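The residues making up each chain are set out below.
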Amino acid sequence: MRVLVVTAVPVERDAVTRAFTDRPEVREVPGAELHRAGPVDVLAGGAGPAAAAAAAGVALASGAGTEPYALVVSAGIGGGFAPVAPLGSLVVAGAIVAADLGAETPGGFVPVTALGFGRDRFVPPPALVRDVAAATGAVTGDVLTVSTVTGSAERTAALLSAHPHAAAEAMEGFGVAEAAERLRVPVLEIRAVSNAVGPRDRDAWRIGDALTALTGAFGKLTPVLEGWTHHDRID
């Protein structure tokens, strides 16, 4: 079973491959490098949902050999909603939600689905979510995809009001999920919490701790993924 992992930046990519080897095999795909380590091919696709969707789509369509990908994972660091996801914790998405895809109106934000087109969420395989969370000690909840990172208490409150099950926010998950859906590949999102969602305070960020947690999470995933492959994937 081969798994495609899409991160935003190289430091996240390297945190994932470090769980398997210090010397990943590098393969070229159009516009990117795939770093192969153990059962995963990892690429740093860029920040934001558009870059993530493009990178994931190209990698999925190009393939990395004769074995098709059985799963796509959006992974990296992200912001955690307190108290559900404290600094250094892990979050596995029960739903991947486009939190700012829609329209602003005099009455407030209207999601794209209420406008009558598109979709604003993807649901990863529930059994896989449960097993990954159990293996890694992660919490589960909605992971919000945003194009602008939250930096105020007011925006945090608005997001939690609209998405009461939110556990984390990041910038790429929904884009990766869109690409995976088009090619009919299941998707998962895993985030290691580097900062609290709220007023922006760079001094309080713990990026190193989050990257270490991300490496640890992927180090525990191989038995889960192998077990999932050998069972019915429909929950």
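See the structure shown above.
These figures come from a predicted structure and were not determined experimentally.

Draft legend 1. Main features of the overall build of the chain. A tally of helices and strands in the chain yields 7 helices and 12 strands. Compactness check: the chain gives a C-alpha radius of gyration of 17 Å against a globular reference of 18 Å for 235 residues, within 12% of the reference. Principal axes of the C-alpha set define a box for the chain whose edges measure 50 × 40 × 35 Å. Put simply, the chain has 235 residues, and 49% of those count as buried. Contacts spanning at least 24 positions in sequence make up 78% of the contacts within the chain whose residues lie at least 6 apart. Approximately 10600 Å² of the chain is accessible, and the part contributed by carbon and sulfur atoms is 56%. Positive and negative side-chain charges in the chain, numbering 18 and 25 respectively, have mean positions lying 3 Å apart.

Draft legend 2. Geometry of the pairing of strand E7 (residues 102-105). Sheet topology places E7 next to strand E8 (residues 108-111); 4 bridges connect them, and they run antiparallel. Across the sheet, residue Ala 103 finds its bridge partner in E8, namely Val 110. Count of turn residues in the E7/E8 antiparallel hairpin: 2 residues.

Draft legend 3. Expanded view of the side chain of Glu 12. Mapped onto the elements of the fold, Glu 12 is located in helix H1 (residues 10-17). Buried within the structure, Glu 12 lacks any salt-bridge partner; Arg 191 is the closest side chain of opposite charge, at an N-O distance of 4.4 Å.

What counts, and at which threshold
- Residues numbered from 1 in each chain as written.
- Predicted model: local features only at pLDDT ≥ 70, side-chain atom pairs only at ≥ 80, totals over all residues.
- Heavy atoms only, no water.
- Helix = DSSP H or I, 4+ residues; strand = E, 2+ residues; numbered from the N terminus.
- Rg over C-alpha atoms; globule rule 2.2 N^0.38 Å.
- Buried < 20%, exposed > 50% of the residue type's maximum accessible area, 1.4 Å probe, protein only.
- Contact = heavy atoms within 4.5 Å.
- Areas by Shrake-Rupley, 256 points an atom, 1.4 Å probe, with all protein chains shown as cover.
- Lys, Arg positive; Asp, Glu negative; His and termini not counted.
- Charge placed at Lys NZ, Arg CZ, Asp CG, Glu CD.
- Pairing = 2+ DSSP bridges.
- Salt bridge = Lys/Arg side-chain N within 4 Å of Asp/Glu carboxyl O.

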